[in-house]
Amino acid sequence: MSVTAPAGFEAAGVAAGLKSTGRPDVAVVVNRGPQKMAAAVFTSNRAKANPILWSQQAIKAGSADAIVLNSGGANCFTGDFGFQTTHQTAERAAELLGTGAAQIQVCSTGLIGTGDAAFRAKVLAGTEAAIADLSPEGGPDAAAAIMTTDTVPKTAVHAGSGWTIGGMAKGAGMLAPGLATMLVVITTDAELTSADADAHLRAATRVSFDRLDSDGAMSTNDQVTLMASGASGVAPAGDEFRAALTEVCMSLATQLMGDAEGAGHDIFIRVTRAATEEEAVTVARSVARNNLFKTAIFGEDPNWGRVLAAIGTTDAQFDPYDVDVTMNGVRVCSKGGPDRPREEVDLTGRTTRVDIDLMVGDAEATIMTNDLTHAYVHENSAYSS
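Residues numbered from 1 in each chain as written. Predicted model: local features only at pLDDT ≥ 70, side-chain atom pairs only at ≥ 80, totals over all residues. Heavy atoms only, no water.

A. Spotlight on helix 8 (residues 291–298). Of the positions making up helix 8, those classed as buried are Phe293, Lys294, Thr295, Ala296 and Ile297. Its buried side turned inward, helix 8 meets strand 10 (266–274), helix 7 (277–288), helix 9 (305–311), strand 11 (324–327), strand 14 (351–357) and strand 15 (363–370). Among the residues of helix 8, the N-terminal cap falls to Asn290, whose side-chain oxygen and the backbone nitrogen of Leu292 are separated by 3.1 Å. (Buried < 20%, exposed > 50% of the residue type's maximum accessible area, 1.4 Å probe, protein only. Helix = DSSP H or I, 4+ residues; strand = E, 2+ residues; numbered from the N terminus. Contact = heavy atoms within 4.5 Å. Polar contact = N/O pair within 3.5 Å; in protein donor to acceptor, adjacent residues only side chain to side chain.)

B. Highlighting the pairing of strand 9 (residues 223–228). Counting buried positions along strand 9 gives six out of six residues, so the element sits mostly inside the fold. By the alternation rule, side chains of strand 9 split into Gln223, Thr225 and Met227 and Val224, Leu226 and Ala228, which are all buried. For strand 3 (residues 37–42) and strand 9, the ladder comprises six bridges, and the chain directions are antiparallel. Considered in strand 9, the bridge of Phe42 is made with Gln223. (Pairing = 2+ DSSP bridges.)

C. Representation of the packing of helix 2 (residues 79–97) against helix 3 (residues 117–132) in the model. Between helix 2 and helix 3, the shortest axis-to-axis distance is 10 Å and the interhelical angle comes to 20°. Here helix 2 is positioned roughly parallel relative to helix 3, judged by the angle of their axes. In this structure, helix 2 crosses over helix 3, and the sense of that crossing is right-handed. In this structure, helix 2 contributes Phe81, Gln84, Thr85, Gln88, Thr89, Arg92, Ala93, Leu96 and Leu97 to the contact, and helix 3 contributes Ala117, Phe119, Arg120, Val123, Leu124, Thr127, Glu128 and Ile131. Its residues assigned to classes, the contact of helix 2 with helix 3 comprises nine nonpolar, five polar and three charged. (Axes fitted to C-alpha atoms, helices over the stretch in contact; angles between N-to-C directions. Parallel < 35°, antiparallel > 145°, perpendicular 65-115°, else oblique. Left-handed = near helix turned anticlockwise from the far one by under 90°. Nonpolar A, V, L, I, M, F, W, Y, C, P; charged D, E, K, R; others polar.)

D. The side chain of Arg120, seen in detail. Along the chain, Arg120 falls in helix 3. Despite being buried, Arg120 has no salt bridge partner; Asp116 is the closest side chain of opposite charge, sitting 8.9 Å away. Within the structure, Arg120 has its side chain in polar contact with the backbone oxygen of Phe81 (distance 3.0 Å). Dropping the residues within four chain positions of it, Arg120 is found in contact with Phe81, Gln84, Thr85 and Gln88. (Lys, Arg positive; Asp, Glu negative; His and termini not counted. Salt bridge = Lys/Arg side-chain N within 4 Å of Asp/Glu carboxyl O.)

E. Geometry of the sheet that holds strand 11. If you walk across this open sheet you meet the six strands as 13-12-11-14-10-15, and the pairing is mixed. The open sheet has two edge strands, strand 13 (337–338) and strand 15, and neither has a second partner. Contacting strand 10, strand 14 and strand 15, helix 7 runs over the sheet at an angle of about 25° to strand 15. Most of the contacts of helix 8 go to strand 10, to which it runs at about 125°, and overall it touches strand 10, strand 11, strand 14 and strand 15.

Structure representation (structure tokens):
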């Protein structure tokens, strides 16, 4: 049931006419309590949409009664009118829910630079309709309503010992760190303080959404929100809850990666024995953003030379002539030279795993990407490097 799997939550998704297809485009998720703890992380893009500007201020209290989300329009670079639209959305939701506007988070996704009186009217009407349609079974409808170019809804649920975490996400293109062009709502009926909710969310996001890098294009509207109702009456151990939250975030992140437009392979790039975790991330990301490497994977060509060429552009500590590269379990490069024949590597499946051993320290990190290339074509995979 997505975000309504945990006790204390209701949701809805309705069609307000924002999408030309007539599909659902406004979602509302409400925390009925007894607790109203919340935390959120936002895009690091300096260009931020109006809902981000609103929500960043509203979340400072560490609580939220509800979140309103619309697809079919990003409400970004729409000036004062756009910010007023966000403010009015929060006010309308608050009025109907009997709370204050500062207790309402607002998210939007869609085309940047569009927004007029008709857009505002549809968002407000959709907010009213969704609140009127709230239900403990409304999670799937809410997940469908936030989709844009997504081909399927993205949801995840974890059942703990007497408590639950549920989540929904949207995103299919423009996947890059901080966050990854996404709207994500995660709910839990565990008892949490606002400080713990914030700490757990940041820790989980750091190793999941922030390590999803499809095409290097960072959005203006990214937001991941965690809401805790405390309705289970159970306060799980911090490590236990953080591990479960990370599991949910990883599930949603991999679903986002798998639905990227035009991608044929999900690629996990794991760097081991780096000097620091930060350097491991830097090395893995250099491969994730290398279009020649991606075209090779698209063409099912295990061209490990492109891996070494990519990591050689970083300033991380390692000797490029003392590096091992393994693709889908076959070590094709040992100490910077050929090892097993490339023909032994099977790249016909959806998942590709690339392991890079730097032989320097004991730190490691994994970056998730795919073979979405946009500016390159399959034939490039035949070019030597």
